[in-house]
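Descriptive structure summary
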Amino acid sequence: MSLIVHKYGGTSMGSIERIQNVARRVAKWHAAGHQVVVVPSAMSGETNRLLGLAKELSPQPDGRELDMLAATGEQASSALLAMALQAQGVGARSYTGWQVPVRTDSAYTKARIRSIDDARIRADLDAGRVVIVTGFQGIDDDGHITTLGRGGSDTSAVAVAAALNAQECLIFTDVDGVYTTDPRVVPEARRMRVVSFEEMLEMASLGSKVLQIRAVEFAGKFRVPVRVLSSLTDPLIPLDEEMTSGTLITFEEDQKMESAVVSGIAFSRDEAKMTLLAVPDTPGVAYSILGPVAAANIDIDMIVQNQSVRGTTDFSFTVNRNDYHRTLELLKNQVAPSVGAQEVVADNEVCKVSIVGIGMRSHVGVASLMFRTLSEEGINIQMISTSEIKTSVVINDKYMELAVRALHKAFGLDQEASAVGEASA
């Protein structure tokens, strides 16, 4: 039998009854002879409750103390799960991130994992126990508790799986896999049986909320097969059925995966577009614009610089909508005067829609079908960005759902196999 890592999200751990169901599911895998390590999140809503208490005391709490506080949510759920397993006659032991230890840098509230000491975990596994390791947290070189940022338990689970060379990391969540797009927008969206790390990384970065992007990066880097599946099924579902359910995220690309020209449609409403008009077209102007933006710790996504006309050009880029007002103020008060821009124009009513698929490497006409589909729906494209396996466009956000539905149908994603011939036409 093999070593398997289970990760359970906050919804899966949301009540005593659900924790008992998690324990039944884990006990089933253990009884079948598998070595099991479980990485749970805090109970649903607990982290928000704790952070809310902190904000009541201070509008900008100290990062170290925030991590001390937030880490207790996972500690509680891990201990409760160990008790639930013990109540079912399964030997289990829980550990915090600093007991393992999970070594991180010192970037409080958004730390990155550097290494994991697996000795303690392996000793318990060899003794026949289920091992529970708190997600979301670790310890820095100075012995301070750190957390990995929201959704960090996904990253913890994949990192533990990598350290232990696990056969698979199972991410149990409240959805039954990765879909071709959000089923709430397109009811015909299909669950994908398998998706490549590259595709999942693009989809996570482009707005898909199924997995934290850092978890996908980690899985791809260390070649950890990851399966996304539902924790809301019967915990005693036959093991053979559960082992092949959900969506497998893998590095093993086969011809079937490549035959699907587009695997999924991702979208994000968290976008704002900034444009500087009539900027002098001189060497270094892009840095003069984007340097101060980066220095203000504002992330930049898509960038478009127009063709020079009479020595000037228009320069556009997108930022997260949360940074809209801060970026606009910076551009108007500092950047535009220093570079000699004629005017700053901003729009926080835009969205990004993207098509993703490794099959795009080997099929022509994919982008043109996307543009034709949007044109036929009367949707104007404001910006375009491409890579080997994705094409993204910025459009007015009132057309987002229409665009996603139209593209999903145009690329045959509502069918079992996407329309390769049509996309290549």
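Keep in mind it's a predicted model, so treat the numbers as computed, not measured. (Residues numbered from 1 in each chain as written. Predicted model: local features only at pLDDT ≥ 70, side-chain atom pairs only at ≥ 80, totals over all residues. Heavy atoms only, no water.)

The next thing to look at is the overall build of the chain. A count of helices and strands for the chain gives 14 helices and 18 strands. Since a compact globule built from 425 residues should have a radius of gyration of about 22 Å, the 24 Å found for the chain is in line with a globular shape. Here the C-alpha coordinates of the chain stretch approximately 80 × 55 × 30 Å along the principal axes. The contacts in the chain between residues at least 6 apart in sequence include a share of 75% that link residues at least 24 apart. For the chain, the computed accessible surface area is about 19,000 Å², with 48% contributed by carbon and sulfur atoms. (Helix = DSSP H or I, 4+ residues; strand = E, 2+ residues; numbered from the N terminus. Rg over C-alpha atoms; globule rule 2.2 N^0.38 Å. Contact = heavy atoms within 4.5 Å. Areas by Shrake-Rupley, 256 points an atom, 1.4 Å probe, with all protein chains shown as cover.)

So, about the sheet that holds strand β9 (residues 168-173). Pairing is mixed in the open sheet, where eight strands are placed in the order β3-β6-β2-β1-β9-β11-β12-β10. The open sheet has two edge strands, β3 (92-95) and β10 (194-196), and neither has a second partner. Mean inter-strand twist for the sheet, computed between neighbouring axes without regard to direction, equals 20°. Where strand β1 (residues 3-8) and strand β2 (residues 35-40) come together, six bridges link them in parallel fashion. Bridged to Y8 within β2 is P40. (Pairing = 2+ DSSP bridges. Axes fitted to C-alpha atoms, helices over the stretch in contact; angles between N-to-C directions.)

For the rest of this paragraph, the subject is the pattern of salt bridges. If you walk through the whole model with that rule in mind, you get 18 salt bridges. As a salt-bridge pair, K352 and D301 come within 2.5 Å of each other at their nearest N and O atoms. Linking K352 in strand β16 (residues 343-356) with D301 in strand β14 (residues 300-305), this pair joins segments that are 51 residues apart in sequence. Overall, K352 belongs to the buried group, its relative accessible area being 5%. Of the residues examined, D301 reaches a relative accessible area of 38% and is grouped as partly exposed. (Salt bridge = Lys/Arg side-chain N within 4 Å of Asp/Glu carboxyl O. Buried < 20%, exposed > 50% of the residue type's maximum accessible area, 1.4 Å probe, protein only.)

For the rest of this paragraph, the subject is unusual backbone geometry. Note: most residues except glycine have negative phi, and most peptide bonds are trans. Looking along the chain, the bond that leaves V100 and enters P101 is cis, with omega of -5°. Residue placement: P101 occurs in the loop between β3 and β4 (102-104). Here F136, not a glycine, exhibits a phi torsion of approximately 80°, which is positive. Summarising the element assignment, F136 is placed in the loop between β6 (130-133) and β7 (137-139). Even without glycine at this site, R310 takes up a positive phi of about 55°. Looking at where R310 falls in the secondary structure, it is placed in the loop between β14 and β15 (312-320). Judged by its relative accessible area of 82%, R310 is exposed.

Applying the stated criterion across every chain, the model contains three aromatic pairs. Ring centres 4.7 Å apart and planes at 10° place the aromatic pair Y8 and F172 in the stacked group. Remark: F172 occurs in strand β9 and Y8 occurs in strand β1; sequence separation between them is 164 residues. (Phe/Tyr/Trp six-rings, centres within 6.5 Å; stacked < 30°, edge-to-face > 60°.)

This part takes up helix α7 (residues 213-222). Within α7 the residues assigned to the buried category are R214, A215, V216, F218 and A219. At its buried positions, α7 is contacted by β5 (113-116), α5 (152-164), α6 (197-205) and β11 (226-230). Two residues or fewer after α7 comes R223, characterised by a positive phi angle close to 55°.

Ranked by size, the top nonpolar core spans 43 residues in total, and within it V5, V37, C169 and V226 carry the most contacts. Counting residues per element, this core draws most heavily on α5, which supplies six residues. Ranked by size, the runner-up nonpolar core spans 24 residues in total, among them V185, M370, I379 and I395. (Core = buried A, V, L, I, M, F, W, Y, C linked by side-chain atoms within 4.5 Å.)

Here the focus is the packing of helix α12 (residues 366-376) against helix α13 (residues 400-410). α13 packs onto α12 with a crossing angle of 130° between their chain directions and a minimal axis gap of 10 Å. One finds that α12 runs oblique with respect to α13. Between α12 and α13 the crossing geometry is right-handed. Side by side, α12 and α13 meet where L369, M370, T373 and L374 of the first sit next to A403, A406, L407 and A410 of the second. (Parallel < 35°, antiparallel > 145°, perpendicular 65-115°, else oblique. Left-handed = near helix turned anticlockwise from the far one by under 90°.)

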